[in-house]
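Coordinates in review
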Amino acid sequence: MIPLSWLLLLSAVLFCIGVVGVLVRRNAIVIFMSIELMLNASNLAFVAFSRHLNSLDGQVFVFFVMTVAAAEVAVGLAIIVNLFRLRETVFVDEINLLKG
Amino acid sequence: MIAFFQDPTVQIAFWGLVKIVVILFVMLGIVAYLTFFERKIAGHIQSRPGPNLVGPWGLFQPFADILKLFLKEEFIPARANKILFHIAPILAVTPALTSFAVVPIGPNFIVTDVNVGLLVFLAMSSLGVYALALAGWSSNNKYALLGGLRSAAQMISYELALGLSTIGVILLAGSLSLVDIVHAQSGTLPFGPLALPRWFVFTQPVAFVIFLICAFAETNRAPFDLPEGESELVGGFHTEYSSMKWAMFFLGEYMNMLTISSITVTLFLGGWNGPWLPESLQFLWFFGKLFALIFLFMWVRWTFPRLRYDQLMAFGWKVLLPIALLNVLATGAAVYWVGNR
Amino acid sequence: MITVLFVAFAAILVVSSLLVILHRNPLTSALFLVLAFCSLAAIYLLLHAEFIGLVQVVVYAGAIMVLFLFVIMYLNLGHDVESGVTLALRRGLGWLLGAVLVAEGALLITGRLAPGPATPQALTAAAAAAPGNTQQVGLLLYSRYLFPFEITSIILLVAMIGAIVIARGLREPAPAEAPAGSAPVTAAAPEEAPGEDA
């Protein structure tokens, strides 16, 4: 049996890697992937708690997170593709039209 | 030392390993001879003898082929992404081999009966996209790239209808375990004066047809072999591959065909179920159905022309997917009102 | 044995997700993310969440990451080039913040939760041993969580329509756009699969 604290630590580390990825990268696609990492970190915490509390509700939530993530990726990548067509870049710091 | 071997976990691990090795070698042997049968069948369909010089009736042809491929020069294009170029052929074979872990060959012959066996198959088949897409991308060749992208789009599109068509079977069997699905197909089904075997091909004919069509598309075989359509894309995603790496793609294609045929047999054709044979020999039924299905694959390949790409996409999204959804709906309603027997 | 496997998969997970954010080539990043998702699926299997583990492979590795791969190949992105003072500033700040977050989380977990439930309460009863948890997840999904489930399907529908409309481009209804538009359009709907798997 894997201790709960290990799982939560792993989940926290994964989440922080995602946060750092969002902060340090400027490629919109990589930022998007880091967001996926954060979502998966939360999924891991859900599954860990579901196992340790002996209840399946956590797994149902993981299911919902996955579907929402899938929807988000479909729309987000469509936006990135469109952005690339308009501005020829995927770097978020070059997309500054709204900066005034 | 003896105590170590009497430990139950060690025993399970040992027999698991034995089963894996046996299945691996049997399947690789079958795949080697599938290439031979493909050429023989193609020959007969086109009124020519096919390979007949190496050994009696040409039976040693696969070994000659393997030897030839070993001795060929290995070529890696300039400015190719070397690491991905090496990984892609491995990815082409591994998922297909992995799926065999859950295929029940005989009543007591299966590597592991997991309670989500069908999902294992779907997961592995969804990983097959990477091999083709990465091979196309890493070759640094526009034909290869186009072939890779085509194959990825095609596999994603047809995987949906493939997954949906299995849901009817899951509803009727009430389980995702492939062993349970085979057990659910034992016995007979009264059909007028006749007694049909209770195979899901009779209770789920629409799902069977959809699954079969998607199986052709998933394995990139004719009439859906657009990723490697030689008349427009040279060799498709494996244009730049040579020697044993090319052989790995070839192996992967036949391995995929074998995997998806055995899943079709398990899901729709009753697996090992069949009359006359004692339980210890029932695996022969499995292989009989498997080879009949593989013959169908080859027959189709050498009979039908290739589809156009837009036809392929339109067919997958506008015809197969709605029909598969309707089938799920109808099966669900039938199970709700009639029960799943 | 399970602990050993867990540590191995956790190591793969952490290393590959670090490489996701460190590697300069977005395609390599995406492939390392696939590896991370697969090892996460293995961890789910170790936690007896078979259904979630395999859906993780089907949805994330088989659908979402293929979409990423598609877009990266379609846009033909090479290595990222980065330079400048703002970059160093941002990067330093980012890593600092990340380190602070990790330390905080570790402190919280080891300080408050370490003596927590080492073994779960009354396991082996309904949830773990029964005929595969797929069935139970499905029952929960269609009973207690029916309303959220229906909302998810609407979200998927909206996302599908949105992705198609956005990726099709603004003006041109012309067929000239077809090959470019077809990649995101065809790939926009695999997300329906998890909804149907349940």
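Scoring rules and cut-offs
- Residues numbered from 1 in each chain as written.
- Chains lettered and ligands numbered in written order.
- Predicted model: local features only at pLDDT ≥ 70, side-chain atom pairs only at ≥ 80, totals over all residues.
- Heavy atoms only, no water.
- Helix = DSSP H or I, 4+ residues; strand = E, 2+ residues; numbered from the N terminus.
- Buried < 20%, exposed > 50% of the residue type's maximum accessible area, 1.4 Å probe, protein only.
- Contact = heavy atoms within 4.5 Å.
- Areas by Shrake-Rupley, 256 points an atom, 1.4 Å probe, with all protein chains shown as cover.
- Rg over C-alpha atoms; globule rule 2.2 N^0.38 Å.
- pLDDT = per-residue confidence, 0-100.
- Buried area = accessible area lost by both parts, 1.4 Å probe.
- Polar contact = N/O pair within 3.5 Å; in protein donor to acceptor, adjacent residues only side chain to side chain.
- Nonpolar A, V, L, I, M, F, W, Y, C, P; charged D, E, K, R; others polar.
- Salt bridge = Lys/Arg side-chain N within 4 Å of Asp/Glu carboxyl O.
- Core = buried A, V, L, I, M, F, W, Y, C linked by side-chain atoms within 4.5 Å.
- Domains from an automatic or database assignment.

So, on to the overall build of chain A. Along its length, chain A carries three helices and zero strands. Secondary structure elements in chain A, listed N-terminal to C-terminal, are α-α-α. Each of the 100 residues in chain A was classed as buried or not, and the buried ones make up 66%. Counted over contacts in chain A with a minimum sequence separation of 6, partners at least 24 positions apart contribute 57%. Approximately 3,400 Å² of chain A is accessible, and the part contributed by carbon and sulfur atoms is 72%.

Moving on, we get to the overall build of chain B. Helix and strand counts for chain B come out as 13 helices and two strands. Computed over the C-alpha atoms, the radius of gyration of chain B is 21 Å, within 12% of the 20 Å expected from 2.2 N^0.38 for a compact globule of 341 residues. Projected onto its principal axes, the C-alpha positions of chain B cover 60 × 60 × 40 Å. Burial statistics for chain B: of 341 residues in total, 53% are counted as buried. A separation of at least 24 residues holds for 76% of the contacts in chain B among residues at least 6 apart in sequence. Surface exposure of chain B reaches about 15,700 Å², of which carbon and sulfur atoms provide 72%.

All right, on to the confidence of the model for chain B then. Regions with low pLDDT carry predicted coordinates that are not meant to be interpreted in detail. All names here are of chain B. In the predicted model, chain B carries a mean pLDDT of 83, and the fraction of residues at 70 or more is 96%. Helix 10 (residues 230-233) is the least confidently modelled element of chain B, averaging 66 in pLDDT, while helix 9 (residues 205-218) averages 90, the highest of any element. Per the prediction output, this complex has pTM 0.84; the corresponding ipTM is 0.90.

Okay, the environment of Val102 of chain B next. Residues and elements named next belong to chain B. With respect to the element layout, Val102 can be found in the loop between helix 4 (82-99) and helix 5 (117-138). In this structure, the C-alpha to C-alpha distance between Val102 and Leu119, residues 17 residues apart in sequence, is 9.9 Å. Residues in contact with Val102, not counting those within four places in the same chain, are Ile110, Thr112, Val114, Gly117, Val120 and Leu178.

Looking now at the interface of chain C and chain B. Each partner contributes residues to the interface: chain C has 25 residues there, and chain B has 27 residues. Approximately 2,400 Å² of surface area, both sides summed, lies buried where chain C meets chain B, with 80% of it carried by carbon and sulfur atoms. The interface formed by chain C and chain B includes one residue pair in polar contact (both at pLDDT 80 or more). Among the elements of the structure, helix 2 (26-46), helix 3 (50-75), helix 6 (133-142) and helix 9 (192-197) of chain C are those that each provide at least two residues to the side of chain C that touches chain B. Taken together, the residues of the side of chain C that touches chain B sort by class into 16 nonpolar, six polar and three charged.

Tallied over the entire structure, the rule returns six salt bridges over all chains. The salt bridge involving Arg144 of chain C is made with Asp57 of chain A; its shortest N-O contact spans 2.4 Å. Remark: Asp57 of chain A occurs in helix 3 (residues 57-87) and Arg144 of chain C occurs in the loop between helix 6 and helix 7 (146-167); the pair is interchain, linking two chains. On the basis of relative accessible area, Asp57 of chain A is assigned to the buried category, the value being 16%. The salt bridge involving Asp65 of chain B is made with Arg39 of chain B; its shortest N-O contact spans 2.9 Å. On the criterion of sequence distance, the pair formed by Asp65 of chain B in helix 3 (residues 61-71) and Arg39 of chain B in helix 2 (residues 8-45) is long-range, its members being 26 residues apart. A residue is classified by how much of its surface remains accessible, and Arg39 of chain B, at 36% relative accessible area, is partly exposed.

Residues and elements named next belong to chain B. Take Thr264: it is sitting in helix 11 (residues 243-268). The class of Thr264 is buried, set by a relative accessible area of 0%. At a separation of 2.5 Å, a polar atom in the side chain of Thr264 contacts the main-chain carbonyl oxygen of Ile260. Setting aside chain neighbours within four positions, we find Thr264 in contact with Phe208, Phe211, Leu212, Leu269 and Leu293.

Okay, the nonpolar core next. Ranked by size, the top nonpolar core spans 173 residues in total, and within it Met33 of chain A together with Met65 of chain C carry the most contacts. Considering every element that reaches this core, the biggest residue donor is helix 3 of chain C, with 20 residues. Two domains each provide a minimum of three residues to this core, namely domain 1 (7-79) and domain 3 (117-170) of chain C. Not counting residues up to four positions away in its chain, the partners in contact with Met65 of chain C are Met33 of chain A, Tyr130 of chain B together with Ala30, Leu33, Val34, Phe37 and Tyr60 of chain C.

Residues and elements named next belong to chain B. Mapped onto the fold, Phe283 is located in helix 12 (residues 283-301). On the accessibility criterion, Phe283 (32% relative accessible area) is partly exposed. The contacts of Phe283, once residues within four sequence positions are left out, are Ile105 and Gly106.

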